[in-house]
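Architecture at a glance
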Amino acid sequence: MLHLIVSGDRTSLLALGGILFAFVATVLATAKLGEYLPRDEGREFAHDGKRIFNTCK
């Protein structure tokens, strides 16, 4: 749809703008909504985590 507005010689600039927009949107969404992302619960909740942790001491 944007190709109708932007001339043919500026399509690479349009692609760069899309990539930059996606990157900025991802960074802002991660910063703003990071509290809803899953957290790492550590070794004790991993598969055989307690066994591995106890043998490393």
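None of the values given here were measured: they were computed from a predicted structure. (Residues numbered from 1 in each chain as written. Predicted model: local features only at pLDDT ≥ 70, side-chain atom pairs only at ≥ 80, totals over all residues. Heavy atoms only, no water.)

1. Some points on the overall build of the protein chain
The secondary structure content of the protein chain amounts to two helices and zero strands. Considering the protein chain as a whole, with its 57 residues, one finds that 4% of them fall into the buried category. Summed over its atoms, the accessible surface of the protein chain is roughly 5,600 Å², and 66% of this surface lies on carbon and sulfur atoms. (Helix = DSSP H or I, 4+ residues; strand = E, 2+ residues; numbered from the N terminus. Buried < 20%, exposed > 50% of the residue type's maximum accessible area, 1.4 Å probe, protein only. Areas by Shrake-Rupley, 256 points an atom, 1.4 Å probe, with all protein chains shown as cover.)

2. A look at a nonpolar patch on the surface
Taken together, the side chains of Phe 23, Val 24, Val 27 and Leu 28 make up a nonpolar region of the molecular surface, amounting to roughly 390 Å² of accessible area. Relative to the helices and strands, Phe 23 is located in helix H1 (residues 11-33). (Patch = residues over 30% accessible without salt bridge, like charges linked within 9 Å, V, L, I, M, F, W, Y side chains within 5 Å. Salt bridge = Lys/Arg side-chain N within 4 Å of Asp/Glu carboxyl O.)

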